[in-house]
Structure formats: C-alpha cells, structure tokens
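Coordinate analysis (summary)
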Amino acid sequence: MNDVFHEQIVIKKKSTNDKLKQIGLIFLGVIVGLITYFIPVINTMFLLFFILAIWGAVYLSRNFNIEYEYAVTNYYLDIDKIVAQRKRTRLVSLDIRKIDYFIPFSDSMYKSQENDKSIIQTIDCTSNSNNKENVHAIIANIDGKKSRVLIEPNKEISDAINKFIQKKSYQVYR
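Below: a short report on this structure.

**So, the nonpolar core**
Ranked by internal contacts, the top residues of the largest apolar core, which has 25 residues, are Ile138, Val149, Ile151 and Ile161. When residues of this core are traced back to their parent elements, those giving at least two are β2 (66–73), β3 (76–83), β4 (87–95), β7 (136–142), β8 (145–151) and α4 (155–164). Those residues within four positions of Ile151 in sequence are excluded, and the remaining contacts are Tyr70, Ile79, Phe102, Cys125, Thr126, Asn134, Val135, His136, Ile138 and Ile161. The next biggest cluster of nonpolar side chains, apart from the first, holds 7 residues, and it includes Tyr110, Ala137, Ile139 and Leu150.

In structure tokens, the structure reads:
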C-alpha cells in the first residue's frame, strides 16, 4: 500500500508575558500558603495548606507549556494542541484536497493574504519564534468559515500536503 503518515511536534515558545504569569502564579501560591499561617482555625495544618497551595500553583503554571502536533494521514491533516503534556484538543481536521492555498512565508502571496478581509478566523499553530522562514499559511474553509491556519511544517509534512493538494498548479502558491 502507498499510505502516507507523517507527524511532527512543534513546541510553542513562551512569551515574556507568559513567563511573568507563570512566576506570578507560583508567587501567589506561596502568598496564599503563608496566609494560612495567620488564620487561627487552620494554622495548625499550616504545612499541609502551604504545600497544597504551592503544588496547585505549580500545577496551574504548567498550563503555559503548549505543543502542537501536526499529523498527515493520507489526505487528512489533523492539528492538535497539547497542554502540559496531559490534555489534547483537536484544533483543525481538514481534507488536504479541499485546501485553497498552501503558502510559504517567503512567497509574496503570504504578505497579501495577511490583510484579506474575507478570512474570518486565524488559527496560529506555530512556535512563536522570530524565525518565520518555515511558517506556512493554509487557507481553507473550516466549519463553513474561510480560515487561515499558520503552521511550521518540516519537509515531510510540507511534501505530504503538496502531494495531496488537488488544485491546478497556478492556483496553489508553494
């Protein structure tokens, strides 16, 4: 059989704002834990509440660890968002044959589609790095809305998508 299956994990880089929120959550956990010492009813169990508050803050701060998984299976592209390596959510599932455009960042068409008013939603599934060289935009109809999906595919994913796109060559920007 000539089945195609490729997958890739892209780790989202934390912004400065995300890092500050993470530190703030842990700091808040420490403060809440210390406040329990001054409440007379529960100060006998201060150590337990202190540890629980810090554990809760660290647990919540791990929600800023985000990964995206791209999977191409034959002519379907699935993109999942993985939060803290414990919660998976399907963001996009689309038939590659129905993609309107698959545009690399280096293409001049990429710049022009950024200002397209007909695109209703943008789904960013990139690592948020400063290096935009590998970023591609997929323009497709998702759930009845014209959408832009930003991804950072490696060569295998990019080749698999290009293999199954069924538009004429002049309609697809590579």
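Moving on, there is more to tell.
**Focus on the packing of helix α1 (residues 16–35) against helix α2 (residues 46–61)**
Contact geometry for α1 and α2: axes closest at 8 Å, N-to-C directions at 165 degrees. The angle between α1 and α2 places the two elements in the roughly antiparallel class. α1 and α2 meet at a crossing whose hand is right-handed. For the pair α1 and α2, the contacting residues are Gln22, Leu25, Ile26, Gly29, Val30, Val32, Gly33 and Leu34 in the first and Phe46, Phe49, Phe50, Ala53, Ile54, Ala57, Val58, Leu60 and Ser61 in the second.

**Overview of unusual backbone geometry**
Phi is positive for Asn74, which is not a glycine, with a value near 50 degrees. By secondary structure assignment, the location of Asn74 is in the loop between β2 and β3. In this structure Asn74 comes out as partly exposed when scored by relative accessible area, which is 25%. The backbone of Gln85 shows a phi angle near 55 degrees, a positive value even though the residue is not glycine. Tracing the chain through its elements places Gln85 in the loop between β3 and β4.

Here is what the cut-offs are and how they apply
- Residues numbered from 1 in each chain as written.
- Predicted model: local features only at pLDDT ≥ 70, side-chain atom pairs only at ≥ 80, totals over all residues.
- Heavy atoms only, no water.
- Core = buried A, V, L, I, M, F, W, Y, C linked by side-chain atoms within 4.5 Å.
- Buried < 20%, exposed > 50% of the residue type's maximum accessible area, 1.4 Å probe, protein only.
- Helix = DSSP H or I, 4+ residues; strand = E, 2+ residues; numbered from the N terminus.
- Contact = heavy atoms within 4.5 Å.
- Axes fitted to C-alpha atoms, helices over the stretch in contact; angles between N-to-C directions.
- Parallel < 35°, antiparallel > 145°, perpendicular 65-115°, else oblique.
- Left-handed = near helix turned anticlockwise from the far one by under 90°.

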